[in-house]
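Here is what each chain is made of, one letter per residue.
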Amino acid sequence: MAASGLVVEFKVAADPQNAEWLRDLGASCDRLRDVQGAQGDTAGARASLEQGLNASRALATKDPQTPAWQHDLSVCLETLGDLQQAQQDLAGARASFEQALQVRRQLAEAHPDHLDWARHLCVAWDKLRNTQMALGDLADARISLEQGLRVRRKLAASDPGDPAWQYDLTVSLDKLGD
């Protein structure tokens, strides 16, 4: 890890309950993961991702009422699922996407007026569906598609003039037809 990342690691080791330092560690791991991935170091990128995921889990567990910590955890889980899917670990990807979905569902339910949480929930349903399809689990993939579509319909109805909500709904309806 780069020098600044090492400093953060030492700070977290000295005070593992410090939320600011845990979040800094997660951010440092994200940046390092990006560089490692760009350099083709998939093992290093995976290790950095898992270290960042551990920091995010610690934050989310320490303070489950802070939506930002929960969202960060869901992003780490989704990123892990993407990496697992790219490495053909479809069972691992499914488990990671299911965990991300659970966190995002809780966020969307706890904050129904925060429409971005609902949209992130739809993305989680999409990623889970894609993995289920790759695994040949078409019945569950259909359920995931329908769950995402249900949320997208609510988003589109909440603001009929928002082209992003309407586009997302159209894409989901198109996938339903496939």
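Thresholds applied
Residues numbered from 1 in each chain as written. Predicted model: local features only at pLDDT ≥ 70, side-chain atom pairs only at ≥ 80, totals over all residues. Heavy atoms only, no water. Helix = DSSP H or I, 4+ residues; strand = E, 2+ residues; numbered from the N terminus. Buried < 20%, exposed > 50% of the residue type's maximum accessible area, 1.4 Å probe, protein only. Contact = heavy atoms within 4.5 Å. Areas by Shrake-Rupley, 256 points an atom, 1.4 Å probe, with all protein chains shown as cover. Axes fitted to C-alpha atoms, helices over the stretch in contact; angles between N-to-C directions. Parallel < 35°, antiparallel > 145°, perpendicular 65-115°, else oblique. Left-handed = near helix turned anticlockwise from the far one by under 90°. Nonpolar A, V, L, I, M, F, W, Y, C, P; charged D, E, K, R; others polar. Salt bridge = Lys/Arg side-chain N within 4 Å of Asp/Glu carboxyl O. pLDDT = per-residue confidence, 0-100. Expected span 1.5 Å × (residues − 1). 1 Å grid on protein atoms, 1.4 Å probe; cavity = no way out; pocket = protein on both sides within 12 Å on 5 of 7 lines; lining within 4 Å. Points joined across faces, edges and corners; volume = space filled by probe spheres on them.

Looking at this structure, I do not really get the overall build of the protein chain. What am I missing?
Secondary structure assignment for the protein chain yields 8 helices and 0 strands. The linear arrangement of helices and strands in the protein chain, starting from the amino end, is α-α-α-α-α-α-α-α. The burial tally for the protein chain puts 39% of its 178 residues in the buried class. A separation of at least 24 residues holds for 51% of the contacts in the protein chain among residues at least 6 apart in sequence. For the protein chain, the accessible area works out to roughly 9,400 Å², and carbon and sulfur atoms hold 54% of it.

Just checking my understanding: could you explain the packing of helix α4 (residues 67-86) against helix α5 (residues 90-110) for this structure?
Two measures define how a pair of helices packs: the angle their axes make with one another and the distance between the axes. Closest axis-to-axis distance for the α4/α5 pair is 8 Å, and the angle between their directions is 160 degrees. Comparing their axes, α5 and α4 come out roughly antiparallel. Classified by chirality, the crossing of α5 by α4 is left-handed. Of the residues assigned to the contact of α4 with α5, the class counts are 11 nonpolar, 9 polar and 3 charged.

Can you help me understand the pattern of salt bridges in this one?
Between side chains of opposite charge, pairing is possible as soon as their charged atoms come close. Applying the stated criterion across every chain, the model contains 10 salt bridges. The partner of Arg129 in a salt bridge is Asp126, and the shortest N-O contact between them spans 3.0 Å. Remark: Asp126 and Arg129 occur in helix α6 (residues 115-134); sequence separation between them is 3 residues, near one turn of the helix. Taken individually, Arg129 and Asp126 each receive the classification buried, so the pair is uniform in this respect. The network of salt bridges with shared partners includes Arg94, Glu98, Asp137 and Asp140.

So what exactly am I meant to see when it comes to the confidence of the model for the protein chain here?
Regions with low pLDDT should not have their predicted coordinates read in detail. Considering every residue of the protein chain, the mean pLDDT works out to 85; 87% of them sit at 70 or more. Within the protein chain, helix α1 (residues 3-14) has the poorest average pLDDT of any element, 50, and α5 the best, 96. Residue range residues 2-7 is modelled with pLDDT below 50. Its contacts to residues more than four positions away, or to other chains, number 2 contacts.

Where do I start with helix α3 (residues 42-62) in this structure?
One turn of an α-helix holds 3.6 residues; hence residues three or four places apart share an orientation. Here α3 contains 21 residues, and its C-alpha end-to-end distance of 30 Å stays within 8% of the 30 Å for a straight helix at 1.5 Å per residue. Listed as buried for α3 are Gly44, Ala45, Ser48, Leu49, Gly52, Leu53, Ala55, Ser56, Leu59 and Ala60.

How should the layout of surface pockets be read in this particular structure?
Gaps left between atoms are located by rolling a probe of water-molecule size over the structure's atoms. Approximately 260 Å³ is the volume attributed to the largest pocket. Lining the largest pocket are 15 residues; nearest its centre among them are Ala108, Ala118, Leu121, Val151 and Lys154. Residue assignment for the lining of the largest pocket shows that the elements contributing at least two residues are α5, α6 and α7 (138-158). Split by residue class, the lining of the largest pocket holds 8 nonpolar, 3 polar and 4 charged.

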